[in-house]
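Below are the chains, spelled out letter by letter.
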Amino acid sequence: MRNLKIFEDELLKGLVESSIIDKQQRGPLLRERVVKKRPLLQIVADSKEISEPELLKLLAKLYDATVLESEAEISVNESPIADAIFEEFGVVLGKMSDNKAEFYLFEPIFDAAWSKIETKLEKDCLKFVVTSGTYKRISEDIKQNIEYKKHHSISSEELHRLPEDKVAVLFADELLQKSLETKASDIHIEPLKIGFRVRIRINGMLQEFGNYEEEFFPSVSSRLKLLSGLNIAEKRDTQDGALVFKAIENEKEVDVPFRVSVMPTIYGEKIVLRRLSSGEEVISLDDLKMGDEISEQWKRAIKHPYGIVLISGPTGSGKSTTLFAALNEINHSDINITTVEDPVEFKIPGVNQVQINSHKVSFADALRSILRQDPDVIMIGEIRDHETAEVALRASLTGHLVFSTIHTNDAASVVTRLIDMGVEPFLVASSLIGALAQRLVRVLCPKCKQKYRLGTAECDMLNLDSDTTVYRAKGCRKCHNSGYSSRRGVYEFLIIDSTIKKMINSGTTDIDIRNYAIKAYGMITILESAKKLMLSGETSYEEVVRVASE
């Protein structure tokens, strides 16, 4: 179709030929179009006398498209090019493959527009007709998302309008300030084959911030390296530094520390900034919301006079936060607590915190020095090798309570990981008090979350009753259109009892240890913890599946 007049003529003709309306109904429709100056399609869509399924079939025929079977099949593309296509043509871009792109529409898109879209994407267009209500809902979400991006990001056009000598300074300041407004934990500045892009991590997920021309990258890179105390002339080696940004939060000026890492790639230096704690927050175990059962078990474990307690999980799963909450719980004037960290992330009054450069001084070397400082409690940032593991476990047998982190998939795997590092099983069995595994799940935005019923396959996957009702993410201004407002931990805690000690000494697998713990004292797994949050409406099915697959 070439224009609106041809479309409306074809629509009227099709409505009559398909017996959706009769000839007597044509006149009132045309009069309403003239009097109210509304598009004919909207008048037809709002009419209670016209069957919506029949209308969608007719539109699919006119558009050379397919009626979308279920709203659940919709997958909206949030890339910059999708936003640009929506703003120019009013059509919603969905999934894209190497040579095809899916589009969702209700209102007509004419031949000239489709030709431009296909040229822009260099792909064939697959069109799906959706209901008027569905299209309005998706459109509103996209408009809010575009508005949010414009407010919380920096466009390439804005950079071009800045004075040349101030681009780097203003860009760096705006980037840091906007990352704080969105509560981003990390900023990724990545050189590409053409230009560079910026992505920010919000609630654990990377989101596109902006794409920029290559000409701006050298000055922006130099500015950030200068603020971080790094060598701006060095471009072939990795560098680590830190900066403190004076930001505006809650109408007050605050100092926000960032850790900065620079690494050379094939297209240039990639820069990653990680927001650190200001050191003023006091984190308690109650803030972690572990759940009554795991919380009580954990509190008993961290109050042992000696032994080692380990926390496992992937990078960014909140292990350090849990460690410092534990130290805050036992921090009293009659206990000497010393930590060795790389770097110090939280500052705790009354705790002797030692920062090391692990590339120059190992955790094991620092731990040997700490043992001469008469400590009661020792916290080691991470157990990465045999030497650190050996020294830590032996220290726990000589009257010290030791805390540390380790990378494993679950709590039971901590045992096999230590043995794989070369630690003798008898040493693990006699020193390990317990192992806590954790992950972070995103918490649904309370303002916009939507209730829905899980399908049979979804219920079977999580061993739930059929037709279980839960909530899913939608997105609104309050949650920056992500559907999620924050993150919280899910946990499993393995208690090393006398039976597990015997199993460790006999070389039992981590799977058998895990199964025993579940049967013997009902160990709550990470999956079960996540399912509880989903059933209480705090997180989504997608988050539970993501956590279960990690």
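Counting restarts for each chain: residues are numbered from 1 in the order of the written sequence. Per-residue local features are limited, in this predicted model, to residues with pLDDT of at least 70; the limit for side-chain atom pairs, both in listing and counting, is 80 or more; totals at the level of whole chains, interfaces and linings are taken over all residues. Side-chain figures throughout are based on the complete set of non-hydrogen atoms in the structure, without hydrogens or water.

Participant: How should I be thinking about the overall build of the protein in this particular structure?
Facilitator: Per the convention used, a helix needs a DSSP run of H or I reaching at least four residues, while a strand needs a run of E reaching at least two, with both numbered from the N terminus. For the protein, the helix and strand inventory stands at 22 helices and 19 strands. Considering only C-alpha atoms, the protein reaches an extent of 95 × 65 × 45 Å along its principal axes. Accessibility here uses a 1.4 Å probe with only protein chains present; expressed as a share of the type maximum, an area under 20% marks a residue as buried, one over 50% as exposed, and anything in between as partly exposed. The 550 residues of the protein split such that 48% are buried. Of the roughly 27900 Å² of accessible surface on the protein, a fraction of 49% belongs to carbon and sulfur atoms. The Shrake-Rupley method, run with a 1.4 Å probe, gives the accessible areas here. Residue values count only the displayed protein chains as cover.

Participant: Honestly, the pairing of strand E4 (residues 124-129) in this entry has me stumped. Any pointers?
Facilitator: Working note: regular strand, side chains alternate between the two faces of the sheet. Criterion used throughout: strands pair if DSSP finds at least two bridges between them. Pairing of strand E1 (residues 66-67) with E4 involves 2 bridges; the strand directions are parallel. Residue Thr66 lies in a different strand from E4, and its bridge partner there is Phe128. In terms of strand pairing, strand E3 (residues 100-105) meets E4 through 6 bridges, oriented parallel. Bridge pairing in E4 places Lys100 opposite Asp124.

Participant: What is the right way to read the pattern of salt bridges from this model?
Facilitator: If the charged atoms of two oppositely charged side chains come close together, the side chains can form a pair. One speaks of a salt bridge when a side-chain nitrogen belonging to Lys or Arg is within 4 Å of a carboxyl oxygen belonging to Asp or Glu. Tallying each qualifying case throughout the model produces 27 salt bridges. Glu88 is paired through a salt bridge with Lys120; the nearest N and O atoms lie 3.6 Å apart. With Glu88 in helix H5 (residues 80-89) and Lys120 in helix H6 (residues 111-121), this residue pair connects regions lying 32 residues apart in the sequence. Given a relative accessible area of 46%, Glu88 falls into the partly exposed group. Residue Lys120 is classed as partly exposed on the basis of its relative accessible area of 39%. The residue Arg384 makes a salt bridge to Glu382 at a minimum N-O spacing of 3.2 Å. What makes Glu382 buried here is its relative accessible area of 18%.

Participant: Got a minute to help me understand the side chain of Lys225 in this structure?
Facilitator: With respect to the helices and strands, Lys225 occurs in helix H10 (residues 217-227). By relative accessible area, Lys225 is classed as buried at 1%. In this structure Lys225 touches Leu230, Asn231, Ile232, Glu234, Lys235, Gln239, Val262 and Glu269, once residues within four positions along its chain are discounted. Throughout, a contact is declared for two residues whenever any of their heavy atoms are within 4.5 Å.

Participant: Sorry, what's going on with the packing of aromatic side chains here?
Facilitator: Working definition: an aromatic ring pair is given by the centre-to-centre distance plus the angle between the planes. Any Phe, Tyr or Trp ring, taking Trp's six-membered ring, that has another such ring centre within 6.5 Å forms a pair; planes under 30 degrees apart are called stacked, those over 60 apart edge-to-face, and the others tilted. Following the criterion strictly, the structure yields 8 aromatic pairs and no others. Each residue in the set Phe171, Phe196, Tyr212 and Phe217 is aromatic and connected to the rest through ring pairs, giving one cluster. Here the basic side chain of Lys449 rests over the ring of Tyr471, its NZ or CZ set 4.6 Å away from the ring centre. In this arrangement the basic side chain of Arg472 is found over the ring face of Tyr452, its NZ or CZ atom lying 4.4 Å from the centre. Geometrically, a charge over a ring is one whose NZ (Lys) or CZ (Arg) sits within 6 Å of the ring centre while staying within 35 degrees of the ring normal.

Participant: Just to check I follow, could you spell out the sheet that holds strand E16 (residues 432-444) for this structure?
Facilitator: Pairing between sheet strands relies on hydrogen bonds along the backbone, with the strands arranged either parallel or antiparallel. Strand order in the open sheet formed by 7 strands is E13-E12-E14-E15-E11-E16-E19, and the pairing between neighbours is mixed. Each end of this open sheet is capped by a strand with a single partner; those strands are strand E13 (352-355) and strand E19 (484-495). Between one strand axis and the next, the sheet turns by 20° as a mean value, whatever way the strands run. Pairing geometry for strand E12 (residues 337-341) and E13, over 4 bridges, is parallel. Counterpart to Thr338 in the pairing with E13 is Asn352. Every axis in this analysis is a line fitted to C-alpha atoms, fitted for helices over the stretch in contact. Angles between the N-to-C directions lie between 0 and 180 degrees.

Participant: Quick question: what am I supposed to make of the packing of helix H19 (residues 498-505) against helix H20 (residues 510-521) here?
Facilitator: The axes of two packed helices give the description: the angle between them and the distance between them. For the pair H19 and H20, the least separation of the axes is 11 Å and the interaxial angle reads 165°. Judged by the angle between their axes, H19 and H20 are roughly antiparallel. Here H19 and H20 pass one another in a crossing that is right-handed. Every residue of H20 that contacts H19 at Thr499, Ile500, Met503 and Ile504 is listed here: Asp512, Ile513, Tyr516 and Tyr521. Taken together, the residues that form the contact of H19 with H20 break down as 6 nonpolar, 1 polar and 1 charged. Here the angle decides the label: under 35 degrees means roughly parallel, over 145 means roughly antiparallel, 65 to 115 means roughly perpendicular, and every other value means oblique. Crossings are classed by handedness, with left-handed meaning an anticlockwise turn of the near helix from the far one by less than a right angle and right-handed meaning a clockwise turn. In the scheme used here, Gly and all other residues not listed as nonpolar or charged are polar, with Ala, Val, Leu, Ile, Met, Phe, Trp, Tyr, Cys and Pro taken as nonpolar and Asp, Glu, Lys and Arg as charged.

Participant: How should I be thinking about the environment of Ile81 in this particular structure?
Facilitator: Structurally, Ile81 can be placed in helix H5. For the pair Ile81 and Lys120, spaced 39 residues apart in the sequence, the C-alpha separation amounts to 9.0 Å. Excluding its chain neighbours within four sequence positions, the residues that come into contact with Ile81 are Leu93, Lys120 and Leu121.

Participant: I'm lost on helix H12 (residues 292-301) in this one. Help?
Facilitator: Because each turn of an α-helix spans 3.6 residues, side chains separated by three or four positions end up pointing in the same direction. Within the span of H12, buried status applies to Ile294, Ser295, Gln297, Trp298, Lys299 and Ala301. In this structure, the buried side of H12 is in contact with helix H11 (285-288), strand E11 (307-312), helix H13 (319-330), E16, E19 and helix H21 (526-535).

Any functional reading would require information that these geometric values do not contain.
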